[in-house]
Amino acid sequence: MDFVGQLSRAYGILRSRFELRKVMAMYLYILLAIGIVIVLGLSAVAGYYLWQLHLQRKQLAEVEAEQERVLQEQRKRLNNSIQRLAQGVIGEQLTKTEAAIRIRVLLDGLGVDDEVRKEYTAFYILAGKTDHIPILEEWKKLPSKEKKKFDKERESLEKEYGDFVLDAAQRILGKTF
């Protein structure tokens, strides 16, 4: 019996170890399943944020394209205005001073570089020399005597710089900035 008892006892130990392995294996499978669920969940979250990033980049590209289109339209309008003003001063439909002031403002609005400013310096010089003369509402408020004084000064400046302004107007025709 001793041998049978020992055999029985060894069988019990082996059986308990086998049961223990079964339990441990079951726990490992459970942990593995939980890990897979966590990885899948995190992958789904990462995928969602990647999709959101893609949509934001797409939207940003659309906004930038629209801004560029609007900027190009604005530049086109400013360039067209410069062309009309140059034609107007050549055709004597407006004064050289008015054309110089407006063209200077439009060129500055286009953000032209110093080389362009230098090429069309006549507009900048005449406009600069007449900057002190009131315009719009301030002009309307002036007494007639002062208006005549400023008109004489403007006409004198236009005689001095008029040929340069006309030359610059001729040269600016057909140009875009």
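It should be noted that the structure appears before, not after, this text.
Residues numbered from 1 in each chain as written. Predicted model: local features only at pLDDT ≥ 70, side-chain atom pairs only at ≥ 80, totals over all residues. Heavy atoms only, no water.

Asker: I'm lost on the layout of surface pockets in this one. Help?
Answerer: Gaps between atoms show up when a probe of the same size as a water molecule is rolled over them. Here the largest pocket defines a volume of roughly 490 Å³. For the largest pocket, the lining is made up of 16 residues, of which T97, E98, I101, P134 and I135 are closest to its centre. Elements with a contribution of two residues or more to the lining of the largest pocket: α2 (96-110) and α6 (144-172). With 5 residues, α2 is the largest single contributor of residues to the lining of the largest pocket. (1 Å grid on protein atoms, 1.4 Å probe; cavity = no way out; pocket = protein on both sides within 12 Å on 5 of 7 lines; lining within 4 Å. Points joined across faces, edges and corners; volume = space filled by probe spheres on them. Helix = DSSP H or I, 4+ residues; strand = E, 2+ residues; numbered from the N terminus.)

Asker: Can you help me understand unusual backbone geometry in this one?
Answerer: Excluding glycine, residues mostly carry a negative phi; peptide bonds, for their part, are mostly trans. Even without being a glycine, E92 presents a positive backbone phi close to 55°. Among the structural elements, E92 can be located in the loop between α1 (2-90) and α2. Taking relative accessible area as the criterion, E92 reaches 69% and is therefore assigned exposed. The phi dihedral of L136 is positive, around 55°, even though this residue is not glycine. You can see L136 is positioned in the loop between α4 (121-129) and α5 (137-141). (Buried < 20%, exposed > 50% of the residue type's maximum accessible area, 1.4 Å probe, protein only.)

Asker: Sorry if this is basic, but what is going on with the environment of F177 here?
Answerer: Mapped onto the fold, F177 is located in the segment after α6. Taking the C-alpha atoms as reference, F177 lies 12 Å from S81; in sequence the two are 96 residues apart. With residues up to four places along the chain from it excluded, the contact list for F177 reads R75, N79, I82, L107, L110, V112, V116, Y120 and I172. (Contact = heavy atoms within 4.5 Å.)

Asker: Sorry if this is basic, but what is going on with the nonpolar core here?
Answerer: Proteins that are soluble and globular tend to have nonpolar side chains buried together. Counting residues in each nonpolar core, the largest one holds 26 residues, and the members touching the most others are I82, I103, L107, Y120, F123 and I172. At the level of secondary structure, the elements contributing two or more residues to this core comprise α1, α2, α4 and α6. I172 has contacts with I82, Q83, A86, I103, L107, Y120, F123 and F177, leaving out every residue within four places of it along the chain. (Core = buried A, V, L, I, M, F, W, Y, C linked by side-chain atoms within 4.5 Å.)

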